[in-house]
Amino acid sequence: MTSRKKADADNSEWTRDDFAKAKAPEDVLPADVLSTFGKHRGPQKAAKKVPVSIRLSPIVVTHFRGQGPGWQARIDAVLTKIVKKEKRPAPTRIRKAG
């Protein structure tokens, strides 16, 4: 377990022996501390997204990245809104007899 980062004298890298001696959190932490952590992620609330590689213009990337973390989700939200709008049936028009 070697690291390319500079060694930290106060927080040395763990060895195999360190990992072997490690204990589970529930064995060393009090119940009130453990209760603040979730046990697992839980069921996914939204449909899974599909990972893709896409080329976007620099102006689009700069705009969304400039808004901070979550920029890819915001791009997805904008595109989803457009797709849902396009899927709506066109309103029927009533022609006047002339």
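The shown structure was predicted, so the numbers you read here are calculated from the model rather than taken from an experiment.

Draft legend 1. Up close: the overall build of the chain. Helix and strand content of the chain: 5 helices and 0 strands. For the chain, the accessible area works out to roughly 10,500 Å², and carbon and sulfur atoms hold 57% of it.

Draft legend 2. Inspection of a nonpolar patch on the surface at higher detail. The grouping of Val28, Leu29, Val33 and Phe37 at the surface amounts to a nonpolar patch, some 350 Å² of accessible area in total. Residue placement: Val28 occurs in helix α2 (residues 25–28). Overall, the relative accessible area of 52% leaves Val28 in the exposed class.

Draft legend 3. Region of interest: the confidence of the model for the chain. Per-residue confidence for the chain gives a mean pLDDT of 85, with 90% of residues at or over 70. By mean pLDDT, helix α3 (residues 31–34) is the weakest element of the chain at 89, and helix α4 (residues 58–65) is the strongest at 96.

Draft legend 4. Spatial organisation of the pattern of salt bridges. Summed over the entire model, instances satisfying the criterion amount to 2 salt bridges. In this structure, the salt-bridge partner of Lys21 is Asp17, at a minimum N-O distance of 3.2 Å. Taken together, the positions of Lys21 and Asp17, both in helix α1 (residues 16–21) and 4 residues apart, correspond to about one turn of that helix. Lys21 gets classed as exposed once you look at its relative accessible area, which sits at 59%. Ionic pairing is found between Lys49 and Asp76, a salt bridge with its closest N-O pair at 3.4 Å. With Lys49 in the loop between α3 and α4 and Asp76 in helix α5 (residues 71–87), this pair connects stretches of sequence that are 27 residues apart. On the accessibility criterion, Lys49 (59% relative accessible area) is exposed. What makes Asp76 partly exposed here is its relative accessible area of 34%.

The rules we used
- Residues numbered from 1 in each chain as written.
- Predicted model: local features only at pLDDT ≥ 70, side-chain atom pairs only at ≥ 80, totals over all residues.
- Heavy atoms only, no water.
- Helix = DSSP H or I, 4+ residues; strand = E, 2+ residues; numbered from the N terminus.
- Areas by Shrake-Rupley, 256 points an atom, 1.4 Å probe, with all protein chains shown as cover.
- Patch = residues over 30% accessible without salt bridge, like charges linked within 9 Å, V, L, I, M, F, W, Y side chains within 5 Å.
- Salt bridge = Lys/Arg side-chain N within 4 Å of Asp/Glu carboxyl O.
- Buried < 20%, exposed > 50% of the residue type's maximum accessible area, 1.4 Å probe, protein only.
- pLDDT = per-residue confidence, 0-100.

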